[in-house]
Amino acid sequence: MNKYADELRKTAKAMVAPGKGILAMDESNGTCNKRLASVGAEQTEEKRRQYRELIITTPELGDSISGAILYDETIRQSTADGQLFREALQQKGMIPGIKVDTGAKDLAGHPNEKVTEGLDGLRDRIAEYYQMGARFAKWRAVITIGDGIPSRACIEANAHALARYAALCQEGGLVPIVEPEVMMDGDHTIERCYEVTSETLRTVFDQLATQGVEFDQMILKPNMVLPGKGCSQQASVDQVADMTMRCLMNNVPAAVTGVAFLSGGQDEQSASAHLNAMNVKYGDMIPWEVTFSYARAIQGPALDNWQGKQSNVEKSQALLAHRAKCNSAAHKGEYSP
Ligand code: 13P
């Protein structure tokens, strides 16, 4: 038996504890720079550090947030007065986590499709992150819907990599967040998203089982079932909740500790309303906790307000805390817009 099994179960439960969810702040330097540029802030290591300090030092964040996903640069950084970010999180009752994939790269022979890389040297990186205090990890696979895609090759390659990552994490004491993201980009219908999400989840759990991953020591981070952004037929909150829950109930084993959704480009209010509706309508009949692991849908308003200026920090922190609270309420089925 894995010597970390009990610890992994405990960590996984804490990550999705009632009223709590995960804050994704693991943007790679490239993505973080893009976000900074979008609000007119400088794109430097120091600005990225300041932005992450704003997030981590938000008062009372630990009331709604169980853990934060960091990036390799961030897990080594400190606040202006010298406290390591990872220790600041722990002090406020939040578990530090770490993104360990190295990004989605073009899949050979399959135009417009990606496969996520990062397995090389992963065992050693996990050992280092565990030593630094990280207790969970994240790996994101990207599945795009389009003309003739996704292919089986894309779904299988990504599912296989996710499963090998998850097995390595459990071996090294980190709870794997398994994130197969079916993207919202495109003009596909919600039914098409349902089909692709079903096939993806079935393939991912088949591969996880093949690699010996323990379902009660992991968190699934799926997309919600939504129409493409460009689809003329958009969906109601109830329809998204119903189709997402039907898709998960059909494809996610009961032993999985928790489901923590990504926001995927939904606006902040929709991301909260959808999560809330799932908990209100299905909370009593589902075997896993259903919560959030949002980046954009928590950070958005805070980033827009900050613009890279020290004088905007306090207001930005209030905006961040507000979205975190809204999503905490949605986990309990108590959100009102
Ligand atoms: P979004 O909530 O912005 O989709 O980000 C979640 C995430 O961690 C993507 O990997």
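Rules used throughout
Residue numbers restart at each chain and count upward from 1, following the sequence in its written direction. Given that this is a predicted model, residues contribute local features only at a pLDDT of at least 70 and side-chain atom pairs are listed and counted only at 80 or more, while totals for whole chains, interfaces and linings are drawn from all residues. UniProt positions are given in the numbering used here, feature names are shortened, and annotations may be inferred rather than shown by experiment. In this text, helices come from DSSP runs of H or I with a minimum length of four residues, and strands from runs of E with a minimum of two, each type numbered from the N-terminal end. The quantity called the radius of gyration is restricted to C-alpha atoms. Its globule counterpart is 2.2 Å times the number of residues to the power 0.38. Buried means a residue has 20 or more other C-beta atoms within 10 Å of its own C-beta, exposed means 12 or fewer, and partly exposed covers the counts in between; C-beta atoms are placed from the backbone. Once C-beta atoms have been placed from the backbone, residue pairs whose C-beta atoms lie within 7 Å are recorded as contacts. Geometry is summarised by axes, namely lines fitted to C-alpha atoms with helices restricted to the contacting stretch, and by angles between N-to-C directions that run from 0 to 180 degrees. For this classification, under 35 degrees means roughly parallel, over 145 means roughly antiparallel, 65 to 115 means roughly perpendicular, and everything else is oblique. A crossing counts as left-handed when the near helix is turned anticlockwise from the far one by less than a right angle, and as right-handed when that turn is clockwise. Under the grouping applied here, Gly and all other residues not named as nonpolar or charged are polar, the nonpolar ones being Ala, Val, Leu, Ile, Met, Phe, Trp, Tyr, Cys and Pro and the charged ones Asp, Glu, Lys and Arg. Note on pairing: DSSP must find at least two bridges between two strands before they are called paired.

Labelled according to an unreviewed UniProt entry, the protein chain appears under the name Probable fructose-bisphosphate aldolase class 1, originating from Vasconcelosia minhoensis LEGE 07310. Under the UniProt heading Sequence similarities (unreviewed entry), the entry covering the protein chain gives this text: "Belongs to the class I fructose-bisphosphate aldolase family." As recorded by UniProt, the Catalytic activity (unreviewed entry) comment attached to the protein chain reads in full: "beta-D-fructose 1,6-bisphosphate = D-glyceraldehyde 3-phosphate + dihydroxyacetone phosphate".

Draft legend 1. Structural context of the overall build of the protein chain. Scanning the protein chain from terminus to terminus reveals twelve helices and ten strands. For 337 residues, the compact-globule estimate of 2.2 N^0.38 gives 20 Å, and the C-alpha radius of gyration of the protein chain, at 19 Å, lies within 12% of that figure. Taking the principal axes of its C-alpha atoms as reference, the protein chain extends roughly 50 × 45 × 45 Å. For the protein chain, with 337 residues in total, the buried portion stands at 49%. In the protein chain, the proportion of contacts linking residues at least 24 apart, taken out of those at least 6 apart, comes to 80%.

Draft legend 2. Summary view of the packing of helix α6 (residues 122-132) against helix α7 (residues 152-172). Contact geometry of α6 with α7 gives a least axis separation of 9 Å together with a crossing angle of 40°. Our classification of the angle between α6 and α7 gives oblique. The handedness of the crossing between α6 and α7 comes out as right-handed. For the pair formed by α6 and α7, the contact residues are Leu122, Arg123, Ile126, Ala127 and Tyr130 on the first element and Tyr165, Leu168, Cys169 and Gly172 on the second. Classifying every residue of the contact of α6 with α7 by side-chain character gives seven nonpolar, one polar and one charged.

Draft legend 3. Main features of unusual backbone geometry. Note the cis peptide between Ile149 and Pro150, where omega equals 10°. For Glu60, which is not glycine, the phi dihedral falls at a positive 60°. As for its position among the elements, Glu60 is in the loop between α3 (45-56) and β2 (65-70). The residue Gln307 is not glycine, and still its phi comes out positive at about 55°.

Draft legend 4. A look at the sheet that holds strand β6 (residues 136-143). As summarised here, the arrangement of the eight strands in space is β1-β2-β3-β6-β7-β8-β9-β10, forming a closed barrel in which the pairing is parallel. Taken together, the two bridges between strand β7 (residues 175-182) and strand β8 (residues 219-220) define a ladder with parallel strand orientation. Paired with Ile177 across the bridge in β8 is Ile219.

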